[in-house]
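Each chain, written out:
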Amino acid sequence: MVDAFRIHIMQTKDLGTCPVRQIGGCSFLYMRISNVYIVTVVSTNANAACAFKFIVEAVALFKAYFGGAFDEDAIRNNFVLIYELLDEIMDFGYPQNLSPEILKLYITQEGVRSPFSTKPQDTRPPANATLQVTGAVGWRREGLLYKKNEVFLDIVESVNLLMSQKGTNLRCDVTGKVLMKCFLSGMPDLKLGLNDKIGLEKEAQVKARPSKSGKTIELDDVTFHQCVNLTRFNSEKTVSFVPPDGEFELMKYRITEGINLPFRVFPSIKELGRTRMEVNVKVKSLFGAKMFALGVVVKVPVPKQTAKADFQVTSGRAKYHPSVDCLIWKIRKFPGQAELTMSAEVELISTMAEKKSWTRPPIQMEFQVPMFTASGLRVRFLKVWEKSGYNTVEWVRYITRAGSYEVRC
């Protein structure tokens, strides 16, 4: 198998074309991480997504043992430990427990750490391994203790937009994730309430009165972390969970209706003969006047035969980048409810060859808007209950970013 992979895959030029290759009666599913190939070999019609998920989780596990490094040196230095871990994380081709927190309870051998590792060494005391592996809360160990109990919650959204030249939305959706970082003592039970439509309707039925919580959001394609109590979510429509210690992704979602776009782009591109072009782009921010966007970048495509461009901008800086055939306009801080414009006179190189019609690629935008969600999703409450009754500090933050934000011109 090793020889087949080396000869037929590693030594060929089309290495990066497809991560799944069939040779003889076997399928090779592989990833390259730094200078190492991770290969899964299957002789049956196995689940490819499961195999790649296993590879990603296994690499994260090795990094946890090796102090954050995963390269050829780390593998050479930890050969015995890797065999021991592989013995635990897969049985007869079936993935088993890949949680570093749990495996460190009974595989206590420390990896040989890279001299360049910046990750601090974990010096926490061992806990009850049997309870962790077989119990209901396998992702969190008992006996955690913090002087200050804090919960950090981030709602991070990416806006995907394709708008026509006339301002019609051809495609628009929002993909979001709820990220959490927990520093809580004991075994706390958390309950998260969002202004989603299903949850508010269920709450109104329980309280036998209509909901008055303003705008409601209809979430599509919701996926949860394994810590979420799905039985309670199906019955009560509230997100209840015992959180893992530290940082994790609580849930992912997608929204296709009722999206508040952070920006509108109004482009105007005129071709003045064979050697000149006039470009005018107006960008209007649609979020609140007290908010602002950071790191705004507007990329306006131009023909390959562009020689130079002269700019006039109301804010920020604009420059022609011949390597990407784009006029790039950068605005460090874009205030809310504002209009900014960029005008450019573009000179083209006159060629003797027959001029082909220029197919205009769309204008692209990059941005980040703190404390704004394009979907309108809001945290209504975040409750922390623990039997000792300690006080907690909760921090909530909202961030909206550009996913694929394009406007045809």
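Please refer to the structure higher up on the page.
Report follows, based on the coordinates. Note that the coordinates shown come from a computational prediction; the quantities given were computed from them, not determined experimentally.

A word on the overall build of the chain. The helix and strand tally for the chain stands at eight helices and 21 strands. Among the 409 residues that make up the chain, the fraction classed as buried is 39%. Here the analysis covers contacts within the chain between residues at least 6 apart in sequence; of these, 69% occur between residues at least 24 apart. If you sum the accessible surface of the chain, you get close to 23,500 Å²; carbon and sulfur atoms cover 52% of it.

This part takes up the side chain of Asn-160. Relative to the helices and strands, Asn-160 is located in strand 6 (residues 150-163). What makes Asn-160 buried here is its relative accessible area of 15%. The residues contacting Asn-160, other than those within four sequence positions of it, are Arg-171, Cys-172, Asp-173, Thr-175, Gly-403 and Ser-404.

The antiparallel open sheet is built from four strands, whose spatial order is 12-13-18-15. Edge positions in the sheet fall to strand 12 (263-272) and strand 15 (306-313), since each of these pairs with one other strand and no more. Here the average twist between neighbouring strands, direction ignored, is 15°. Where strand 13 (residues 276-285) meets strand 18 (residues 339-348), nine bridges bridge the pair, whose relative direction is antiparallel.

It is worth spelling out the pattern of salt bridges at this point. Tallying each qualifying case throughout the model produces twelve salt bridges. Between Glu-57 and Lys-53 there is a salt bridge whose closest N-O contact spans 3.2 Å. You can see Glu-57 and its partner Lys-53 sitting in helix 2 (residues 48-66), four residues apart, about one turn around the helix. Here Glu-57 falls in the partly exposed class, since its relative accessible area comes to 29%. Two residues, Arg-76 and Glu-72, come together in a salt bridge whose shortest N-O distance is 2.6 Å. Note that Arg-76 and Glu-72 are positioned in helix 3 (residues 72-77) at a spacing of four residues, about one turn of the helix.

Our focus in this paragraph is a negative patch on the surface. On the surface, Glu-84, Asp-87, Glu-88 and Asp-91 cluster together into a patch of negative charge. Residue position: Glu-84 is located in helix 4 (residues 79-89).

A separate point is the environment of Val-393. Tracing the chain through its elements places Val-393 in strand 21 (residues 393-407). Between the alpha carbons of Val-393 and Leu-184 there is a distance of 9.9 Å; along the sequence they are 209 residues apart. The residues touching Val-393, leaving out its near neighbours within four places in the chain, are Lys-148, Asn-149, Glu-150 and Val-151.

About the thresholds
- Residues numbered from 1 in each chain as written.
- Predicted model: local features only at pLDDT ≥ 70, side-chain atom pairs only at ≥ 80, totals over all residues.
- Heavy atoms only, no water.
- Helix = DSSP H or I, 4+ residues; strand = E, 2+ residues; numbered from the N terminus.
- Buried < 20%, exposed > 50% of the residue type's maximum accessible area, 1.4 Å probe, protein only.
- Contact = heavy atoms within 4.5 Å.
- Areas by Shrake-Rupley, 256 points an atom, 1.4 Å probe, with all protein chains shown as cover.
- Pairing = 2+ DSSP bridges.
- Axes fitted to C-alpha atoms, helices over the stretch in contact; angles between N-to-C directions.
- Salt bridge = Lys/Arg side-chain N within 4 Å of Asp/Glu carboxyl O.
- Patch = residues over 30% accessible without salt bridge, like charges linked within 9 Å, V, L, I, M, F, W, Y side chains within 5 Å.
- Lys, Arg positive; Asp, Glu negative; His and termini not counted.
- Charge placed at Lys NZ, Arg CZ, Asp CG, Glu CD.

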